[in-house]
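# Examining the three-dimensional arrangement
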Amino acid sequence: MSVNLSKGQQISLTKNDGGTLTVVRMGLGWQAAPRKGLLSRLTAKEIDLDASAVLFAEREPVDVVFFQHLVSDDGSVRHTGDNLTGGAGQGGDDESILVDLLRVPTHVDQIVFTVNSFTGQTFEQVQNAFCRLVDETNGQELARYTLTGGGQHTAQIMAKVRRNGNGWEMAALGSPAAGRTFQDLMPAIAEHL
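Read on for a plain summary of the structure.

Reading guide: rules and limits
- Residues numbered from 1 in each chain as written.
- Predicted model: local features only at pLDDT ≥ 70, side-chain atom pairs only at ≥ 80, totals over all residues.
- Heavy atoms only, no water.
- Salt bridge = Lys/Arg side-chain N within 4 Å of Asp/Glu carboxyl O.
- Helix = DSSP H or I, 4+ residues; strand = E, 2+ residues; numbered from the N terminus.
- Buried < 20%, exposed > 50% of the residue type's maximum accessible area, 1.4 Å probe, protein only.
- Core = buried A, V, L, I, M, F, W, Y, C linked by side-chain atoms within 4.5 Å.
- Contact = heavy atoms within 4.5 Å.

A few words on the pattern of salt bridges. With the rule as written, the count across this model stands at five salt bridges. For Arg25, the salt bridge goes to Glu136, with nearest N and O atoms at 2.7 Å. You can see Arg25 sitting in strand β3 (residues 23–32) and its partner Glu136 sitting in the loop between β9 (126–135) and β10 (140–147), a full 111 residues away along the chain. For Arg25, a relative accessible area of 15% gives the class buried. Under the relative-accessibility criterion, Glu136 is labelled partly exposed at 33%. The salt bridge involving Arg132 is made with Glu141; its shortest N-O contact spans 2.9 Å. The buried category is assigned to Arg132, whose relative accessible area is 14%.

Spelled out as structure tokens, the structure:
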């Protein structure tokens, strides 16, 4: 059973049977909002949202996975590829990042997931945007965070997973930001570590 997360909510990443999750997928989906008026429909360009995962060790970035670096240096985090137009919206994922929690190096204590509009549109022009966490071993959706309300921002610090003793927990951050790439978001990410 999936949990619909609200901003700031945290969940522990354990299986229903008490076991530990081993591989999770952070999925991102979105659609372009309908455009009003003939001129705006004719001049509209596709919306390219990008998912990124920044790996931290004691508040310092040590690696990143995004559309130009699809696999972390240690191989524990993998981006499935860049989607330039979206379209899944309420259905499946447009972009996914797989995290093998057992392979994440012990010095990495947090992984922050971000979404940015590479093409520069604001989230007012996006609808049905979500990120979700899935147990990759059985396909069960564990948690979903829905991006609602649009806004003048071009990026969102969506969620983070962090070590908690021997396991991991997820926090839905939902923090608006400005930037076309994860590099632009680093000062805003720092506030959530």
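Ranked by internal contacts, the top residues of the largest apolar core, which has 34 residues, are Leu49, Val77, Val99, Ile111 and Phe113. Look past the residues within four positions of Phe113 in its chain and what remains in contact with it is Met26, Ser52, Ala53, Ile97, Val99, Ile157, Met158, Ala159, Lys160 and Val161. Judged by nonpolar contacts, the second largest core, of 14 residues, contains Phe56, Val64, Val112 and Leu185.

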